[in-house]
Amino acid sequence: MKSNRPVALPRPAFFLLVATLFFLVAPASQARVSAVGTLDFSKKNFKVGDWVRYRVDLSNDRGYEDMTYQEVRIVGEDTYRGEKCFWLETWHGRDSKKASYDLTLVSYDAFKDPDWDVRYKLYVRLVMFGSDDQGIPEMLELRRSGVNPDPDMTPLRGKRDTLDAESVPTAKGLLDARLVQLHRKIQNSRQTADSTVNRISDVVRRTWVTRKVPLTSTVKEEEVNKSLIHSYAVGQPSTSAPEILIATGFRTVTVVDWGTGATSELLTTWRKNGGFMRPSREGAGMGTEAPTDMPR
């Protein structure tokens, strides 16, 4: 059975929601990340206190290798500007003591959006901006513009095929999961005085999903990401030049554990100190860049 409609995937993104994210750069543990893009917004699959942890293996064709863990937690709820929201905490690193932490407030309205897989970032209300000298989190407010229409992000969806169910070995035992394959090819064009340069990201991703895994519904994910350049002179057809492979990155993410009872020292500290927020421009951080997914 094949379909191009979204399925229960932590998608776009399984996991890092930051620009420095991809595995062709330095270890992701050096950057704070939010795992909001890993959640399964097709249908609520968590309660406050639920958490899930993944092992993330990264490598590329230049010999780079890295292994970290990423944990996603639902640590509270709040009503924000009339919207019911939940707090998502993410830690990412070698272990919970040697990790970067992030805190994000997300509107439950994301579960009502049929295009959640490419629009989930529109429902982020507060993001952790950083911490002050006393270690108190500072939150940045994100607000959607009420004037301009939301951008069309469906071209970022890519092509998905729902394949057969498989048994996937994990630290929690064998899990029966549906296999979904995605192919997404996105180019970013830049015009110069005498040529056009297209930077291309060509992603093939295989994701095994089941509702038995809370929050994300993801058991395992394997991805190959090719970075290419396509350049041709003014006046020449685009077909006159080949796409040149620059680098290839590989990522495997596997669930290792899940449970309940998660709390957040970051959220507790922020609330105790008055819940300071930095106002932002409307629509800040709501770009239409290609979605990021599983622990990147």
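Here goes a summary of the coordinates provided.

## With respect to helix H2 (residues 265–272)
All of the buried residues along H2 are Leu266, Leu267 and Trp270. Projected down its long axis, H2 shows its buried positions confined to an angular sector of 95 degrees, all on one face. Of the exposed residues in H2, the ones pointing more than 90 degrees away from its buried face are Glu265 and Lys272. By the N-cap criterion, in which a side-chain oxygen at the helix start approaches the backbone nitrogen of a residue two or three places on, H2 is capped by serine 264, the distance to leucine 266 being 3.3 Å. Immediately downstream of H2, the backbone of glycine 274 shows phi near 95 degrees, a positive value.

## What about the pattern of salt bridges?
In the structure shown here, the tally under the stated rule is 22 salt bridges. Between lysine 172 and aspartate 257 there is a salt bridge, and its shortest N-O distance comes to 3.3 Å. Of this pair, lysine 172 sits in the loop between strand E7 (159–170) and strand E8 (173–191) while aspartate 257 sits in strand E11 (residues 243–259), and the two are 85 residues apart along the sequence. For lysine 172, a relative accessible area of 37% translates into the label partly exposed. Where salt bridges share partners, they join Arg53, Glu71, Arg73 and Glu89 into one cluster.

## Considering the pairing of E8
In the sheet, E7 pairs with E8 via 10 bridges, with the strands oriented antiparallel. Bridging across to E8, aspartate 161 finds its partner in glutamine 181. Between E7 and E8, which pair antiparallel in sequence order, lie two residues. For E8 and strand E9 (residues 195–209), the ladder comprises 14 bridges, and the chain directions are antiparallel. Across the sheet, leucine 179 pairs through a bridge with tryptophan 208, a residue of E9. Here E8 hands over to E9 after three residues, the two strands then running antiparallel side by side.

Each value, and the rule that gives it
Residues numbered from 1 in each chain as written. Predicted model: local features only at pLDDT ≥ 70, side-chain atom pairs only at ≥ 80, totals over all residues. Heavy atoms only, no water. Buried < 20%, exposed > 50% of the residue type's maximum accessible area, 1.4 Å probe, protein only. Helix = DSSP H or I, 4+ residues; strand = E, 2+ residues; numbered from the N terminus. Arc of directions from axis to C-beta. Polar contact = N/O pair within 3.5 Å; in protein donor to acceptor, adjacent residues only side chain to side chain. Salt bridge = Lys/Arg side-chain N within 4 Å of Asp/Glu carboxyl O. Pairing = 2+ DSSP bridges.

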